[in-house]
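# Summary of the model geometry
Each chain, written out:
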Amino acid sequence: MVLVWAWGAAANAQTDVRPSPGGERLLFVDNDGSVRDRPGGARLLFLDGNDIRLGPGAERVLFVDGPDVRRAPGGPRRLVLDGDDVRRVPGGEILRHVRHPDVRPDARGERLYFLDGAPLTRVQLVAVLYLLEPGLFGG
C-alpha cells in the first residue's frame, strides 16, 4: 500500500515541500529531526519521536499517537490519519488526501503541495501540515 510506505519512511529523509514540481520551496524537512524554512535555515519545528516541539526540550506542540494527532498524550484528538486521508474524526470528512508525492484536498482535487524527495513519516507530515495549515488542527 502506498501510504504505509509513504508514512513509514526512514526518519533521515530530506524532503522539500513545494506547491508544485519545481516550484518555490515552502518548507524543508531535514534529516536531523527538524522542519526548516530551507536547508541549513531556521528551525521551525523539532521532531522528537512522536512529539512535535518548537525546539529540543521545548514545550510540545503536537503529539502523534498512532493514527491520532493530539496536543498531548491522552488529550482530545485534533486529527486522524486514516489511510491516505487526513480527517477530523475516523470516517469523517476528508480534510487532506496524501499520496506521495502529492497532498490534495481530496483524491481528485488539485495538488496543494508537492513532496519533493523522500516520503514523509506521519510525524513529519503532521509537522508540515501544522506549519502550512494550522487551521486544520482546530482550537
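Refer to the preceding data block for the structure.
Residues numbered from 1 in each chain as written. Predicted model: local features only at pLDDT ≥ 70, side-chain atom pairs only at ≥ 80, totals over all residues. Heavy atoms only, no water.

## Considerations on the overall build of the protein
Where we set the bar: Helix and strand definitions here come from DSSP, where helices need a minimum of 4 consecutive H or I residues and strands a minimum of 2 consecutive E residues; each element is numbered from the N-terminal end. All accessible-area figures derive from a Shrake-Rupley calculation using a 1.4 Å probe, and residue coverage is judged against the displayed protein chains alone.
For the protein, the count of helices and strands is two helices and 12 strands. Starting at the N terminus, the α and β elements of the protein follow one another as α-β-β-β-β-β-β-β-β-β-β-β-β-α. Entry remark: accessible area of the protein is about 6600 Å², with carbon and sulfur atoms responsible for 50%.

## Comments concerning the sheet that holds strand S1 (residues 15–18)
Rules: Two strands are said to pair when DSSP picks up at least two bridges between them. Axis geometry follows a simple rule: fit a line to the C-alpha atoms, using only the stretch in contact for helices, then measure angles between N-to-C directions, giving values from 0 to 180 degrees. Here, residues are in contact when the closest pair of their heavy atoms is within 4.5 Å.
Pairing is antiparallel in the closed barrel, where 12 strands are placed in the order S1-S2-S3-S4-S5-S6-S7-S8-S9-S10-S11-S12. Each neighbouring strand pair of the sheet contributes to a mean axis angle of 20 degrees, computed without reference to strand direction. Helix H2 (residues 122–132) contacts S1, strand S2 (27–29), strand S3 (34–36), strand S4 (43–48), strand S5 (51–53), strand S6 (60–65), strand S7 (68–70), strand S8 (77–82), strand S9 (85–87), strand S10 (94–99), strand S11 (102–104) and strand S12 (113–117) of the sheet and is inclined by roughly 150 degrees relative to S4.

## A word on unusual backbone geometry
Here the amide bond leading from His100 into Pro101 is cis, since omega sits at 10 degrees, within 30 degrees of zero. Here Pro101 lies in the loop between S10 and S11.

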